[in-house]
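Below, each chain spelled out in residue letters.
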Amino acid sequence: MANGGPVEHGYPHLETVRAAVTALYKRLSYDTVRTFASSVPLADVAFGDTDDLHLGAQRVARELVLHFRLPDARMIVGFREMEHAASVELAAGPEYFIELNDRFRRHRRDIGAALAHEVMHVYLHRLGLSFPGTRDNEILTDTATTYLGAGWLLLDAFREDATSSQKLGYLTPEEFGYVLAKRSLAFGEDPATWFTSPQAYTAYTRGLDRARHDERQPPLTAAGWAGRRRYAKDRRHAQEQAAPSAPAGTPYSFTPDDGGPLRVSFPCPTCHQRIRVPVRGRVRARCGLCRTVLECDT
Ligand SMILES: [Zn+2]
Ligand SMILES: [Zn+2]
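It should be emphasised that the depicted structure is a prediction, and the values quoted were computed from it without experimental measurement. (Residues numbered from 1 in each chain as written. Chains lettered and ligands numbered in written order. Predicted model: local features only at pLDDT ≥ 70, side-chain atom pairs only at ≥ 80, totals over all residues. Heavy atoms only, no water.)

Colleague: Give a description of the coordination of the zinc ion (ligand 1) that names residues and reports values.
Modeller: At the metal site, the zinc ion (ligand 1) is ligated by H117 (NE2), H121 (NE2), E138 (OE) and E138 (OE), and these contacts range over 2.1 to 2.7 Å. Taken together, the four donor atoms coordinating the zinc ion (ligand 1) and their angles of 53 to 140° define a geometry best described as irregular. Of note, the donors binding the zinc ion (ligand 1) are all from one chain and are spaced H-x3-H-x16-E. Placement of the pair is H121 in helix α4 (residues 111-127) and E138 in helix α5 (residues 134-147), with a sequence separation of 17 residues. Accessibility expressed as a relative area gives 9% for H121, which makes it buried. (Donors = N, O, S within 2.8 Å, 3.2 Å for Na, K, Ca; no water. Tetrahedral: all angles 85-135°; square planar, octahedral: opposite > 155°, others 65-115°. Helix = DSSP H or I, 4+ residues; strand = E, 2+ residues; numbered from the N terminus. Buried < 20%, exposed > 50% of the residue type's maximum accessible area, 1.4 Å probe, protein only.)

Colleague: Residue-level account of the nonpolar core, with values.
Modeller: Counting residues in hydrophobic clusters, the biggest one holds 90 residues, and the most contacted among them are L100 and Y123. When residues of this core are assigned to their parent elements, the largest contribution, 11 residues, is made by α4. Lining this core are residues from two domains, each supplying at least three of them: domain 1 (2-214) and domain 2 (225-297). Residue contacts for Y123: discarding those within four places in its chain leaves L28, F36, F68, L70 and L148. (Core = buried A, V, L, I, M, F, W, Y, C linked by side-chain atoms within 4.5 Å. Domains from an automatic or database assignment. Contact = heavy atoms within 4.5 Å.)

Colleague: Mind laying out the coordination of the zinc ion (ligand 2), listing which residues take part and the relevant values?
Modeller: In the first shell of the zinc ion (ligand 2), the protein supplies C268 (SG), C271 (SG), C287 (SG) and C290 (SG), at 2.3 Å from the metal. The site at the zinc ion (ligand 2) holds four donor atoms, and with the angles between them running 101 to 115°, its shape is tetrahedral.

Colleague: Account for the sheet that holds strand β2 (residues 86-88), with residues named and values stated.
Modeller: Judged by pairing direction, the sheet is mixed, and its three strands sit side by side in the order β1-β3-β2 without closing on themselves. On the outer flanks of this sheet lie β1 (74-80) and β2, each paired with one strand and no other. Within this sheet the neighbouring strands show an average axis-to-axis angle of 20°, counted without direction. Here three bridges tie β2 to strand β3 (residues 95-101), and the two strands are oriented antiparallel to one another. Paired with A86 across the strands is L100, a residue of β3. (Pairing = 2+ DSSP bridges. Axes fitted to C-alpha atoms, helices over the stretch in contact; angles between N-to-C directions.)

Colleague: Describe the sheet that holds strand β6 (residues 253-255), listing the residues and the values that go with them.
Modeller: Judged by pairing direction, the sheet is antiparallel, and its three strands sit side by side in the order β6-β7-β8 without closing on themselves. On the outer flanks of this sheet lie β6 and β8 (274-278), each paired with one strand and no other. Each neighbouring strand pair of the sheet contributes to a mean axis angle of 30°, computed without reference to strand direction. Bridge analysis of β6 against strand β7 (residues 263-267) gives three bridges, and the strand direction is antiparallel. Its bridge partner lying in β7, T255 is registered against R263.

Colleague: Go over the packing of helix α3 (residues 53-67) against α4, please, and point to the residues and values.
Modeller: Look at α3 against α4: their axes get within 9 Å of each other, and the N-to-C directions meet at 50°. Comparing their axes, α4 and α3 come out oblique. Crossing hand, α3 versus α4: right-handed. Side by side, α3 and α4 meet where L53, A57, V60, A61, L64 and V65 of the first sit next to I111, G112, L115, A116 and V119 of the second. (Parallel < 35°, antiparallel > 145°, perpendicular 65-115°, else oblique. Left-handed = near helix turned anticlockwise from the far one by under 90°.)

Colleague: Tell me about the pairing of β8, residues and numbers included.
Modeller: Pairing between β7 and β8: five bridges, direction antiparallel. What sits directly across from F266, in β8, is I275. The antiparallel pairing of β7 with β8 creates a hairpin that spans six residues between the two strands, and H272 there sits at a positive phi of about 70°.

Colleague: Would you mind going over α3 in detail, with residue names and values included?
Modeller: The terminal C-alpha atoms of α3 lie 21 Å apart, and with 15 residues this matches the ideal 21 Å at 1.5 Å per residue to within 8%. Considered for burial, the residues of α3 that qualify are L53, G56, A57, V60, A61, L64, V65 and H67. For α3, the secondary structure elements touched by its buried residues are α2 (42-45), β1 and α4. Two or three places before H54, at the opening of α3, D52 has a side-chain oxygen 3.2 Å from that residue's backbone nitrogen. Two residues or fewer after α3 comes R69, characterised by a positive phi angle close to 55°. (Expected span 1.5 Å × (residues − 1). Polar contact = N/O pair within 3.5 Å; in protein donor to acceptor, adjacent residues only side chain to side chain.)

Colleague: Residues and numbers for the environment of F266, please.
Modeller: Note that F266 resides in strand β7. Separated by 15 residues in the primary sequence, F266 and P251 place their C-alpha atoms 5.9 Å from one another. If we ignore the near neighbours within four places in the chain, the residues touching F266 are P219, L220, P251, Y252, Q273, R274, I275, V277, L294 and C296.

Colleague: Which residues make up the packing of helix α1 (residues 14-34) against helix α7 (residues 173-187), and what are the values?
Modeller: Axis separation between α1 and α7 bottoms out at 12 Å; the angle between their running directions is 30°. Here α1 is positioned roughly parallel relative to α7, judged by the angle of their axes. The two elements α1 and α7 meet at a crossing, and its hand is right-handed. Each of L14, V17, R18, Y25, V33 and R34 in α1 lies in contact with α7, whose residues at this interface are E175, Y178, V179, A186 and F187.

These values are about where atoms sit, not about what they do.
As structure tokens, then:
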């Protein structure tokens, strides 16, 4: 887990984040994802400055192991001076050694956040789910931590004041907010009141706007007027061509269906798996991966 440096904002990793959500549904299945309907409550990972450092860290690690249902996994948490915020040794188990940066001795409130990310590394390691390259794999880890209910702690560790800033993890605050919002929309959970950091709350509301934006793209019926008008123009253009090219800058694309009617494909707003439906007016589709029912006007 990375540490320090200026805080990056916006959505530079959005494509990888979306691919990570799709990969989670594919690897875990809808039913398993649904078992994570409740997020880790703050009370389970709260850590006071007077709590015993080592006992407290073990206790919080244990709560996260229980949350992610890794029954036989045992996390051994240590502290040392290191460049990164935290790291975990991905061995055969059942014991896993997590090292936390010495600075957490003085910033105990964020130990739960750091451990959530490291325990997720173990979870994904056991699943055999990874993305190639360190950067993408860390984005997968942060996205999975958040989507499965513990990443709001990582977002809440983002704090800024006039003289300093701190952030954990590889996603930007807005990207954490986006994944958390995707989760809250899918599970009907509202994390808005959980934040202790005002900056984290703001990032969540921005991410929520972005997540809702995904739900208002054509051909979904919730799309706005401008989007629908653009869609109608792109569709007309596609219908005039034998081999339509994808319209630039839109999430949807048109494909001919071997002599059959034109089809439109677009990402599911929940899991980002691509959906293909015929172009024939009002269509109700159900995403095969996350089971979201999609009202479309194609
Ligand atoms: Zn990591
Ligand atoms: Zn879906």
